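Understanding the architecture of this molecule
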Amino acid sequence: MQMVNRIDPNMPVGAYQTYSITAPRDTTVEAACEHVGCPQWRQGWDSVIDERTELGKAQAHYIRHRSKRTFRETRTDAGLTVFRFESGQRCFAEHRTRPEIYLVRDGDHRGNPTGRTRQHTRPADWVEDMTENQGRIVDLQQRG
């Protein structure tokens, strides 16, 4: 294991807060298209269906009556049905991603003297918390 080079802190461990983002190693969760950067969500997509087959009939029926997605329907010269789905809506794939855990704990690499740890449920809340903390540090530095 490589040793980490750190500057010796000027203040006691209790004067610090540590912000971290971690992800469990072997855990995945279902994720929305937007969250995983799905190209179909960003650009839209075409589903080309052959309704002459049983599978094609079932797929077309699902799209028309149960998919709850917005589409335009056209036919090709070969008799295939093309469903054009605009961007910004969930595709038909099941996306999975590793969850991110947004933590704030008292202390630094030397430990957490209070044992206090907070977990934010939204990344924006974690960023706001850290921004406010950085603002307090800048204010204290400017006061001397």
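Attention here is on the structure that accompanies the text. Quantities reported herein were computed from a predicted structural model and do not represent experimental measurements. (Residues numbered from 1 in each chain as written. Predicted model: local features only at pLDDT ≥ 70, side-chain atom pairs only at ≥ 80, totals over all residues. Heavy atoms only, no water.)

**Considerations on the sheet that holds strand β1 (residues 17-22)**
Quick note on the threshold: Here a strand pair is declared whenever DSSP counts at least two bridges between the two strands. Only DSSP runs of H or I covering at least 4 residues are called helices, and only runs of E covering at least 2 are called strands; the numbering of each starts at the N terminus. Where helices are involved, their axes are fitted lines through C-alpha atoms of the stretch in contact, as for all axes, and angles between N-to-C directions lie from 0 to 180°.
The sheet built from three strands is open, its strands ordered β1-β7-β8 with antiparallel pairing. The open sheet has two free edges, formed respectively by β1 and β8 (117-120), since each of these has just one partner strand. Each adjacent strand pair in this sheet contributes to an overall mean axis angle of 20°, direction not counted. The sheet contact formed by β1 and strand β7 (residues 101-106) spans six bridges and is antiparallel. If you follow T18 over to β7, its bridge partner there is R105.

**Here's the deal with the pairing of strand β4 (residues 71-75)**
Side-chain positions along a regular strand alternate between the two faces of the sheet. Bridge analysis of β4 against strand β5 (residues 81-85) gives five bridges, and the strand direction is antiparallel. Counterpart to F71 in the pairing with β5 is F85. Between β4 and β5, which pair antiparallel in sequence order, lie five residues; one of them, G79, sits at a positive phi of approximately 85°.

**Here's the deal with helix α3 (residues 54-65)**
Just so we agree on the cut-off: By this rule the span expected of a helix is its residue count minus one, scaled by 1.5 Å. We call a residue buried when its accessible area falls under 20% of the maximum for its residue type, exposed when it is over 50%, and partly exposed in between, using a 1.4 Å probe and counting protein chains only. Note: the arc covers the axis-to-C-beta directions of the helix. Here a residue-residue contact requires only that any non-hydrogen atoms of the pair lie within 4.5 Å.
Under the 1.5 Å per step criterion, the end-to-end length of α3 is 16 Å for twelve residues, consistent within 8% with the ideal 16 Å. For α3, the set of buried residues is G56, A60 and I63. Angular distribution of buried residues about the axis of α3 spans 65°; they occupy a single face of the element. Every exposed residue of α3 that faces more than 90 degrees away from the buried side is listed here: E54, L55 and H65. Those residues of α3 that are buried lie in contact with β3 (45-49), β4 and β5.

**Quick notes on the sheet that holds β3**
In space, the three strands of this open sheet follow the order β3-β5-β4, with antiparallel pairing throughout. Single-partner strands in this sheet number two, and they are β3 and β4. Between one strand axis and the next, the sheet turns by 20° as a mean value, whatever way the strands run. In this sheet, β5 lies alongside β3 in antiparallel orientation, the contact comprising five bridges. Looking at the pairing, V48 lines up with V82 of β5.

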